[in-house]
Protein chains: 2
Amino acid sequence: MSSRTPKPSDDEALQSGRRRATINDVARLAGVSKKTVSRVINRSPSVRPETREKIEAVIARYGYAPDPQARGLAFRRSFLIGLIYDNPNPQYVVNMQLGLLDGMKGSGFELVVHPCDRGSTTLVPDIRAFIERQKLFGVVLTPSVSEDEAVAEMLREIGCEYVRVASIAVDAEAHSIVTRDRHGGLLAGRHLAELGHRRLGFISGPDRFRSSHERRGGFEEGLKEHGATLSADCVAEGAYTFESGMEAAARLLALKDRPTAIFAGNDEMAAGALHAARQAGLSVPEDLSVIGFDDFQIASRVWPPLTTIRAPTREIGRLAADRLLGVMEGDKRDPEWRMPSLVVRGSTAAPKG
Amino acid sequence: MSSRTPKPSDDEALQSGRRRATINDVARLAGVSKKTVSRVINRSPSVRPETREKIEAVIARYGYAPDPQARGLAFRRSFLIGLIYDNPNPQYVVNMQLGLLDGMKGSGFELVVHPCDRGSTTLVPDIRAFIERQKLFGVVLTPSVSEDEAVAEMLREIGCEYVRVASIAVDAEAHSIVTRDRHGGLLAGRHLAELGHRRLGFISGPDRFRSSHERRGGFEEGLKEHGATLSADCVAEGAYTFESGMEAAARLLALKDRPTAIFAGNDEMAAGALHAARQAGLSVPEDLSVIGFDDFQIASRVWPPLTTIRAPTREIGRLAADRLLGVMEGDKRDPEWRMPSLVVRGSTAAPKG
DNA sequence: AGCGCGGTTGATACCGGTGTCCGCCCTGCT
DNA sequence: AGCAGGGCGGACACCGGTATCAACCGCGCT
């Protein structure tokens, strides 16, 4: 049975949806060559409107969708986008994924996830193998891998599209999504300063996260607007984890002249600060104000509910996907922005006395 | 330039790793046909050991790895595994992903994620389109989609391998990973009963989650061991969310003869119960014991830290991946089990008086 | 020696798309 | 009318693998 003259049962199977249509079916049914169908799929301008419509009708009629594998094989690149992350916070990861998926919806691309360990000595080759194996169209990197220059260098070298989500523009604009952490820090500083706090503490994230520095920078800026300052002895480094936040806060609270308010680099550490305060016999917000960053679920679960900075993680994810897909479409529209915002709950108040 | 006699520069590129080796390169360099190389890759037994070794040497020498796209095209199936979920808890999702990735490591498969909405009227066609578009090798379903028979029916119909993670064996053994929620519930019941509680409350998850029923069933079983019972008026339905837990707990605490201990269907709702208790002026665990389920991060962040049932989510994910890949390898080894376990923290104590 | 047989191997088609390149047709110009 | 040129469409090779099937090998048999 020649492929040019498929047996009737084949067409029946097509009709009933039992068999997926191929480009050959579409071409045959539309009375054109498969190359012309391919042109329609790929939006080539050199197809007469009349021909195009005829083909599109057949495509719609039979619900034809090109096979990404075959297309990928010919294109030498798959229709997959990778999410490469080392951020240990589940909520961040999931929100980012949801945002990416939002942006990819209807594009025909799929998302494949790839957690990694930035401390690993094989980080770069591991990521490279991941990309080359599946010939990924592009990848999205989130902090802190997104801040790794060796990784970015490798991506450029192998010619893989990428978008880096980071606190500052770590790369050319086309490759960066900036999270405006500095602005978030500023909002936190303003809020505490406006409440009247003058003796402030800061629990930073790990040094390798750019956001640690940005959030602190913004915080100091916000304080300065109201004449307050952050003294060096009131800064403790944490690791963006609950336990590290608890320990860092305990250190700050043991200070002779302890701060009346603490800005923790993220909600996890702020939750730790709450525990430390309780252990130190201090009540929040009466004796100590605490403000977090992220506004993840935990912020409203702890007691008192955390005043925090809401980071639009999901939106950021959507923007990242838009940017990445835009590269392919040659699309250059500027995505709109979403800034971090202040969410006031119960963990901050004016200082006593 | 014929493909039979590649120009020297091609081989140089191969040597230096600038060009990925193809099956043709390997065949040429090993002095065999590409079909024989294919046989080695696919572990066909009908290759002489001598030939096999020669080919394997070339493969190792040039770091050849078959192209999943091309392989997929020929196999009519991709080397991707889908995670289909509708569980809104980020921690669950991330742990599950990590577990799946653990189990897939080194297998050459990649994980693509697909959140869905079980309430959607297009649930089944959406999932089907997702699978057929990328010709997924198989999928892993988690609660509550995993408990949807229409979805399972569709998967069987299109011949997609699948594993359903659920509270009970919802399918043939080869397709089920059972989370033993009942046992977790039993541990919770035992714990509270042993502490001396006799007036107990239960906040269930939504009815459509099988785990809601299993956890309750196990709970009652555990209570019964010690002569305690769960009265129907002390059961409130929640939605596995913080807010719903808070509301449900408030209802239970408003009862004339309020329970002295509450088992919440998950940690989120237990955290909500903690808030409700605080609003009712009760202190935990003095006036009320609360026990959760999952042992996600939130359990140790709230105050007091939650006594809870640890569900080995990541392990479960690994088992699911093992099972799915096992299907391909024709592997039939029984995966070992991990049961939920009790983690005692500060939210449970003996009742007063 | 001739034959049949099972284990190995390779030539070729094929999976479902895309690129190259050439020929066709229609148009507008001289 | 004849010709150049651009828009349009198709034949064919190719992407990197796998399946089919026949050829080939050496062996034991009669």
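This structure is a prediction, so every number in the text was calculated from the model and none was measured.

Would you explain helix H10 (residues 210-225) of chain A in this entry?
One full turn of an α-helix is made of 3.6 residues, so residues set three or four places apart face in the same direction. All names here are of chain A. Here H10 is 16 residues long and its end C-alpha atoms lie 23 Å apart, about the 22 Å a rise of 1.5 Å per residue gives. Ser211, Ser212, Glu214, Arg215, Gly217, Gly218, Phe219, Gly222 and Leu223 are the residues of H10 that are buried. Packed against the buried residues of H10 are helix H9 (181-195), strand S6 (200-204) and strand S8 (261-264). The first or second residue beyond H10 is Gly227, which carries a positive phi of 75°.

Which parts of the structure should I look at to understand the sheet that holds S8 of chain A?
Either a parallel or an antiparallel arrangement is found when strands of a sheet pair, and the pairing is made through backbone hydrogen bonds. All names here are of chain A. On the basis of which strands lie adjacent, the open sheet formed by four strands has the order S7-S6-S8-S9 and parallel pairing. Two strands in the sheet have a free side with no partner beyond their single neighbour: strand S7 (235-237) and strand S9 (289-291). Within the sheet, the average angular offset between the axes of one strand and its neighbour, ignoring direction, is 15°. As defined by bridge partners, S6 adjoins S8 across four bridges and the pair is classed as parallel. Bridge pairing in S8 places Leu200 opposite Ala261. Packing against the sheet, helix H12 (residues 267-279) makes contact with S6, S8 and S9, and its axis sits at approximately 160° to S9.

Please explain the protein's contact with DNA strand D as it appears in this structure.
Inspection of the region around DNA strand D gives 29 residues, with Ser33, Arg39 and Thr51 of chain A together with Ile23 and Ser38 of chain B positioned closest. Of what DNA strand D places within 4 Å of the protein, 62% of the atoms are sugar or phosphate. Ile23 of chain B is positioned such that a nitrogen or oxygen atom in its backbone is 2.7 Å from a phosphate oxygen of DNA strand D. The separation between a phosphate oxygen of DNA strand D and a polar side-chain atom of Asn42 of chain B is 2.7 Å.

Can you walk me through the environment of Val124 of chain A in this structure?
Residue and element names in this part refer to chain A. Tracing the chain through its elements places Val124 in helix H7 (residues 123-134). What makes Val124 partly exposed here is its relative accessible area of 24%. Considered as a pair, Val124 and Arg323 are 199 residues apart in the sequence and their alpha carbons are 23 Å apart. Excluding anything up to four places from it in sequence, Val124 contacts Ala150, Val151 and Met154.

How do you make sense of the packing of H7 of chain A against helix H8 (residues 149-158) of chain A when you look at a structure like this?
Packed helices, taken two at a time, are described by the angle between their axes plus the distance between the axes. All names here are of chain A. Remark: H7 packs on H8, axes separated minimally by 10 Å, with the N-to-C direction vectors making an angle of 35°. Relative to H8, the crossing made by H7 is right-handed. Contacts between H7 and H8 involve Leu123, Val124, Ile127, Arg128, Ile131 and Glu132 from the former and Ala150, Val151, Met154, Leu155, Glu157 and Ile158 from the latter. Partitioned by chemical class, the residues of the contact of H7 with H8 number nine nonpolar, no polar and three charged.

Conventions adopted
- Residues numbered from 1 in each chain as written.
- Chains lettered and ligands numbered in written order.
- Predicted model: local features only at pLDDT ≥ 70, side-chain atom pairs only at ≥ 80, totals over all residues.
- Heavy atoms only, no water.
- Helix = DSSP H or I, 4+ residues; strand = E, 2+ residues; numbered from the N terminus.
- Expected span 1.5 Å × (residues − 1).
- Buried < 20%, exposed > 50% of the residue type's maximum accessible area, 1.4 Å probe, protein only.
- Contact = heavy atoms within 4.5 Å.
- Pairing = 2+ DSSP bridges.
- Axes fitted to C-alpha atoms, helices over the stretch in contact; angles between N-to-C directions.
- Near = heavy atom within 4 Å.
- Polar contact = N/O pair within 3.5 Å; in protein donor to acceptor, adjacent residues only side chain to side chain.
- Left-handed = near helix turned anticlockwise from the far one by under 90°.
- Nonpolar A, V, L, I, M, F, W, Y, C, P; charged D, E, K, R; others polar.

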